[in-house]
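Survey of secondary and tertiary structure
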Amino acid sequence: MRADAQRNLDRVLGAAAECFAEHGVDVTVDEVARRAGVGHGTVFRRFPTKEALLDAVLGKELDRMVLLAQAALMEDDAGAGFELFFRAVADGYARNRALVESKERCQELPQMPVLQEAAHEIVRRAQKAGALRRDLDAEQVFDLVPAASAYPDVILDGLRGQPGVKRLRPETRSVLGR
């Protein structure tokens, strides 16, 4: 790809990510093109439909979440790894309307099975370490993400393991600037 074409693609994807995050899936391709500083045709040459553009943007966000999940799995402290990942997912949900509105669409993207398997392992590790309640499965834990996007501390407190088990490290709370 020529350098100018790559720059245009990067600008389109960046603008689309911002537009979808701010306005949801109903944003127009014209708004994306305007924000990217390119013509409408430039967007459609690379992405034949708005859905293809949305899939590219969602795919990049899921790639980011996969990297976060892998980092959480590398944490020596399984509870801290869980909390870091859970907060990152909740933060993504809070700031990105497209993720909220496209939950079903995300299920069809190739990154989702990798992300789900990593999320299940993160939960299993935290439960085994006693940092996370054992009476919930990973789906139930991550069903709480919408509430955690507004009240992460309340949800995380409710997810903690049995009394007497050490609390998750307080320094994990500041990772996302909160």
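As a starting point, this report considers the structure included with it. (Residues numbered from 1 in each chain as written. Predicted model: local features only at pLDDT ≥ 70, side-chain atom pairs only at ≥ 80, totals over all residues. Heavy atoms only, no water.)

1. Thoughts on the packing of helix H4 (residues 50-74) against helix H5 (residues 78-95)
Quick reminder of the rule: Interaxial angle, 0 to 180 degrees, is taken between N-to-C directions of lines fitted to C-alpha atoms, where a helix line uses only the stretch in contact. The numbering of helices and of strands both runs from the N terminus, where a helix is a DSSP run of H or I of at least 4 residues and a strand a run of E of at least 2. Small angles under 35 degrees read as roughly parallel and large ones over 145 as roughly antiparallel, with 65 to 115 read as roughly perpendicular and the rest as oblique. Crossings are sorted by hand: turned counterclockwise from the far helix by less than a right angle, the near helix makes the crossing left-handed, and turned clockwise it makes it right-handed. Every residue pair with non-hydrogen atoms within 4.5 Å of one another is taken to be in contact.
The N-to-C vectors of H4 and H5 enclose an angle of 165°; their axes lie 8 Å apart at closest approach. The pairing of H4 with H5 is recorded here as roughly antiparallel in orientation. Considering the relative orientation of H4 and H5, their crossing is right-handed. Facing H4, whose interface residues are Glu61, Arg64, Met65, Leu68, Ala69 and Ala72, H5 presents Gly81, Phe85, Ala88, Gly92 and Arg95.

2. With respect to the environment of Phe85
Looking at the element boundaries, Phe85 is found in helix H5. Remark: the alpha-carbon pair of Phe85 and Gln70, spanning 15 residues in sequence, is separated by 9.2 Å.

3. Comments concerning the pattern of salt bridges
We count it as follows: The working definition used for a salt bridge is a side-chain nitrogen of Lys or Arg within 4 Å of a carboxyl oxygen of Asp or Glu. For the exposure calls, accessible area comes from a 1.4 Å probe over protein chains only, and a residue counts as buried if that area is under 20% of its type's maximum, exposed if over 50%, partly exposed in between.
Counted by the stated rule, this structure contains 17 salt bridges. Its salt-bridge partner being Arg35, residue Glu31 comes within 3.8 Å of it at the nearest N-O pair. On the criterion of helical spacing, the pair formed by Glu31 and Arg35 is a turn pair, its members being four residues apart in helix H2 (residues 29-36). Classification of Arg35 by relative accessible area gives partly exposed; the value is 26%. For Arg87, the salt bridge identified is with Glu83, shortest N-O distance 2.8 Å. With Arg87 and Glu83 both in helix H5, this residue pair falls four residues apart, about one helical turn.

4. Things to note about helix H8 (residues 111-128)
Condition: Helix span, as expected, comes to 1.5 Å for every residue beyond the first.
Between the first and last C-alpha of H8 there are 26 Å, a value that for 18 residues agrees with the 26 Å anticipated at 1.5 Å per step. For H8, the secondary structure elements touched by its buried residues are H4, H5, helix H7 (103-107) and helix H9 (138-142). One or two steps after H8, the chain reaches Gly130, where phi turns positive at roughly 85°.

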